[in-house]
Amino acid sequence: MSSTASVTILLALAAAPLIGGPGKAGHLPPLTARYRIDQTLNQEIDASGAGAGRQVIHFTTTSFITVRLTDSAGGKSVRVVLDSMRGDSAAPIPTSVMDSARGGEFRSYLDRSGRPAKLVAAGNPAAAQVQGLLSDFLPWIRAGFKVGESWADTAVASTGEGADTVTIRRIVTYRATGNETQGARKAVRIATTHASEVSGSQPTPQGPAKISGTGKGSGSYLVSSDGRYLGGEWEITSALQLSGQFSPQPVPITITQSTKVAILP
């Protein structure tokens, strides 16, 4: 089994939507805001059954983005500009690509409920290569929630096409746990739990591979009294299996994703 194929699995999981929730039209994020996104991804593969031993991929990235919202029919159009991105020496995306992606734009859309559509790179090929690392930063903020309330949402996302496709079905549950402050801002903390099912296929030098498994995780984020998203943090661990002619038994893969988002002054 190739390490390139395993990196593709990791980035496909990173590209899946993370936060969602039902709601009616209400407060949306501010017109313009800047955020810092710190991510750590760790992938461990036990390929002993395929004669390749244990493989570990670990890397971190830090991104700075500017988000601008504009009124549009039925909601808000979203424009995200990547101000900068950097990764450590183990990151599978080369530094040259991250540098070329600087200034790249991404587009999305918030419907009346505040639910974000998929984030899509606009025009910059390098930005398209780092899109998966940014796609889950913006939550769906449920309008009109009260402290103590709980709700849930199901999202399905697919990456790739044809024989190289990964589909993730994720259920996220939410609970508005209490009021607190962040600096001078009053906010509500919303705790989240995540459960997911992963399935798909991927070509490898040794033939086609089938991917399957589950994931679980938890996190939280803050929302100010006027609907401003103030950032959050979460961690998701996926236990997967990769099976195919390259190994007499399924190859276990464990992927842990940790993300922290902070609003900037």
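Trainee: Go over the side chain of serine 63 with me, naming the residues and quoting the values.
Mentor: Along the chain, serine 63 falls in strand S2 (residues 53-72). The exposure class assigned to serine 63 is buried, which follows from its relative accessible area of 0%. Those residues in contact with serine 63 that lie beyond four places of it in its chain are Tyr35, Arg36, Ile37, Leu82, Ser84, Met85 and Leu134.

Trainee: So what's going on with the nonpolar core? Residues and values would help.
Mentor: Ranked by internal contacts, the top residues of the largest apolar core, which has 46 residues, are Ile65, Phe106 and Phe137. The element that contributes the greatest number of residues to this core is S2, accounting for 5 residues. Residue contacts for phenylalanine 106: discarding those within four places in its chain leaves Val78, Arg79, Val80, Leu82, Leu119, Val120, Ala121, Ala122, Ala127, Val130, Gln131 and Leu134. If you look at the next biggest cluster of nonpolar residues, it comprises 13 residues, including Val166, Ile211, Val251 and Ile253.

Trainee: I'd like to hear about the sheet that holds strand S11 (residues 251-263), residue by residue, with values.
Mentor: With respect to topology, 11 strands assemble into an open sheet ordered S5-S4-S3-S2-S1-S11-S10-S9-S8-S7-S6, the strand pairing being antiparallel. Looking at which strands have only one partner, the edges of the open sheet turn out to be strand S5 (120-122) and strand S6 (150-161). Across the sheet, the mean angle separating the axes of adjacent strands is 25° when strand polarity is ignored. Pairing geometry for S6 and strand S7 (residues 164-182), over 12 bridges, is antiparallel. Counted as the bridge partner of glycine 160 is threonine 165 from S7.

Trainee: Quick one: what's the story with the packing of aromatic side chains, residue by residue and with numbers?
Mentor: Taken as a whole, this structure holds 5 aromatic pairs when the rule is applied. Arranged with centres 6.3 Å apart and planes meeting at 50°, the rings of tyrosine 35 and phenylalanine 137 form a pair that is tilted. Here phenylalanine 137 lies in the loop between helix H3 (125-130) and S6 and tyrosine 35 lies in strand S1 (residues 32-47), a separation of 102 residues in the sequence. By relative accessible area, tyrosine 35 is classed as buried at 1%.

Trainee: Which residues make up the confidence of the model for the protein, and what values do they have?
Mentor: Across the protein, the average pLDDT comes to 83, with 87% of residues at 70 or higher. Mean pLDDT per element in the protein: helix H1 (residues 3-14) is the minimum at 48, and helix H2 (residues 95-101) is the maximum at 94. Low confidence marks residues 1-8, where pLDDT is under 50. Its contacts with residues over four positions away, or in another chain, come to 23 contacts. Low pLDDT, under 50, characterises residues 14-30; the stretch is placed with 62 contacts to residues that sit more than four places away or in other chains.

Trainee: Quick one: what's the story with the side chain of glutamine 39, residue by residue and with numbers?
Mentor: Inspection of the secondary structure assignment puts glutamine 39 in strand S1. Classification of glutamine 39 as buried rests on a relative accessible area of 6%. Of the polar contacts made by the side chain of glutamine 39, one reaches the backbone oxygen of leucine 133; its length is 3.1 Å. Setting aside anything within four residues of it in sequence, one finds glutamine 39 in contact with Phe59, Thr60, Thr61, Leu133, Asp136, Ser258 and Thr259.

Conventions used here
- Residues numbered from 1 in each chain as written.
- Predicted model: local features only at pLDDT ≥ 70, side-chain atom pairs only at ≥ 80, totals over all residues.
- Heavy atoms only, no water.
- Helix = DSSP H or I, 4+ residues; strand = E, 2+ residues; numbered from the N terminus.
- Buried < 20%, exposed > 50% of the residue type's maximum accessible area, 1.4 Å probe, protein only.
- Contact = heavy atoms within 4.5 Å.
- Core = buried A, V, L, I, M, F, W, Y, C linked by side-chain atoms within 4.5 Å.
- Pairing = 2+ DSSP bridges.
- Axes fitted to C-alpha atoms, helices over the stretch in contact; angles between N-to-C directions.
- Phe/Tyr/Trp six-rings, centres within 6.5 Å; stacked < 30°, edge-to-face > 60°.
- pLDDT = per-residue confidence, 0-100.
- Polar contact = N/O pair within 3.5 Å; in protein donor to acceptor, adjacent residues only side chain to side chain.

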